[in-house]
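Per-entry structural report
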Amino acid sequence: MKTAREFQVEFERRIVLMNPDFEIKEKLTSDTIFSFLNAYVERFVRLNYLQEDQVGDNTRAQKKNADALKGLIVRTVLTEKLNDYNNTDQSTDKFILPDDYFLYIRSNSYINSSYKGTSDNIDYAGNTPEHYHITPNKTISEDDIEKIISTYYNKVILRNPYVALNAGQASDTSEQTYLNVIHDTYTNIEKVDLVYYRKPKKFNVIGVDGVNVLDHCELPENVHMEIVEGAVEMFITEAKYRLSVKQPNQS
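A brief look at the structure comes next. What you see is a predicted model; the values in this text were computed from it and never measured. (Residues numbered from 1 in each chain as written. Predicted model: local features only at pLDDT ≥ 70, side-chain atom pairs only at ≥ 80, totals over all residues. Heavy atoms only, no water.)

Digging into the overall build of the protein
Across its full length, the protein holds 5 helices and 11 strands. Taking all 251 residues of the protein together, 40% fall into the buried category. Partitioning the contacts of the protein with sequence separation of at least 6, the portion at a separation of at least 24 is 70%. When the accessible surface of the protein is totalled, it reaches about 15200 Å², and 48% of it is carbon and sulfur. (Helix = DSSP H or I, 4+ residues; strand = E, 2+ residues; numbered from the N terminus. Buried < 20%, exposed > 50% of the residue type's maximum accessible area, 1.4 Å probe, protein only. Contact = heavy atoms within 4.5 Å. Areas by Shrake-Rupley, 256 points an atom, 1.4 Å probe, with all protein chains shown as cover.)

Spelled out as structure tokens, the structure:
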């Protein structure tokens, strides 16, 4: 199974087996079928992402998960820092996440000063990565940020910056999400090298442009049946399907 059309045929075949009315009388449109297929692709990525915590390194399960998602792992350098005057957390830098951002993997900060001081060999023009000190970022939940930020009474030293993700101020009506890098008052961060899962591209039999909408599922073929099975499961748990199933006559 490779093409979008093959996905559609297999989805329809399984639905008709469960309820013959879906062959003609209640036949599903392409839009409906691919809405479930594409929705499950995103769920599949999330599930495999979360399973990384339970799967051991160098196991078959870990290799299978890595192989399934490898095409979605990309990296980019975030250079545009935003001023958020309403954020009272000291020493926090706010970066706009890419439009295709889906799930966080890891990141590194490019810094030109830290609690150890400023290096003489740093080029402040910042043309190449080697002109910076590079340090991995740690992740932290919003609930725990208060434990690491500097305050009026306590200036902390952080050996690594921490990152948290959110949608910004409540007054922000856009759908933009941000990467917030929390560091100590001695550290200056110039940019962030971000590694992440991008959103899987939609696939369909109509509206295909080869850029935003593909004529095939971009995940590897060894997980295609899982995607069909998962999409069908999503469909049969929807209220519309349950209501369409004929109930036996009650006396």
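Digging into the pairing of strand β9 (residues 188-198)
Counted residue by residue, β9 has 9 buried out of 11 residues, so it is predominantly covered. When strand β4 (residues 101-113) meets β9, the two strands line up antiparallel, connected through 10 bridges. Opposite S113, over in β9, you have N188 as the bridge partner. (Pairing = 2+ DSSP bridges.)

Let's talk about the packing of helix α2 (residues 30-51) against helix α3 (residues 60-69)
To describe two helices that pack against each other, one gives the angle between their axes and the distance between the axes. Two numbers describe how α2 lies on α3: the axes approach to 10 Å, and their chain directions differ by 140°. In this view, α2 runs oblique relative to α3, as classed from their interaxial angle. Considering how the two elements wind past one another, α2 and α3 form a crossing that is left-handed. Side by side, α2 and α3 meet where F44, V45, N48, Y49 and Q51 of the first sit next to K64, N65, A68 and L69 of the second. (Axes fitted to C-alpha atoms, helices over the stretch in contact; angles between N-to-C directions. Parallel < 35°, antiparallel > 145°, perpendicular 65-115°, else oblique. Left-handed = near helix turned anticlockwise from the far one by under 90°.)

Focus: the packing of aromatic side chains
The final tally for this structure, using the stated rule, is 7 aromatic pairs. Considering the side-chain rings of F11 and F235, the 6.1 Å spacing of their centres and the 70° angle between planes classify their relative orientation as edge-to-face. Here the residue F11 occupies a position in helix α1 (residues 4-18), and F235 occupies one in helix α4 (residues 224-236), the gap between them amounting to 224 residues. Relative to F203, the ring of F34 lies with its centre 5.7 Å away and its plane at 90°, an arrangement referred to as edge-to-face. (Phe/Tyr/Trp six-rings, centres within 6.5 Å; stacked < 30°, edge-to-face > 60°.)

Things to note about the environment of D89
Looking at the secondary structure, you find D89 in the loop between β2 (81-82) and β3 (92-96). Using a relative accessible area of 28% as the deciding quantity, one classes D89 as partly exposed. For D89 and I182, which are 93 residues apart along the polypeptide, the C-alpha to C-alpha distance reads 8.4 Å. Contacts of D89, omitting those with residues within four sequence positions, involve I145 and I149.

Concerning the pattern of salt bridges
The tally for this structure, following the rule as stated, stands at 11 salt bridges. Here E226 and K64 are joined by a salt bridge, their closest N and O atoms 2.9 Å apart. Here the residue E226 occupies a position in helix α4, and K64 occupies one in helix α3, the gap between them amounting to 162 residues. Overall, the relative accessible area of 31% leaves E226 in the partly exposed class. What makes K64 partly exposed here is its relative accessible area of 27%. Among the ionic contacts, a cluster of salt bridges with common partners joins E10, R13, R14 and E229. (Salt bridge = Lys/Arg side-chain N within 4 Å of Asp/Glu carboxyl O.)

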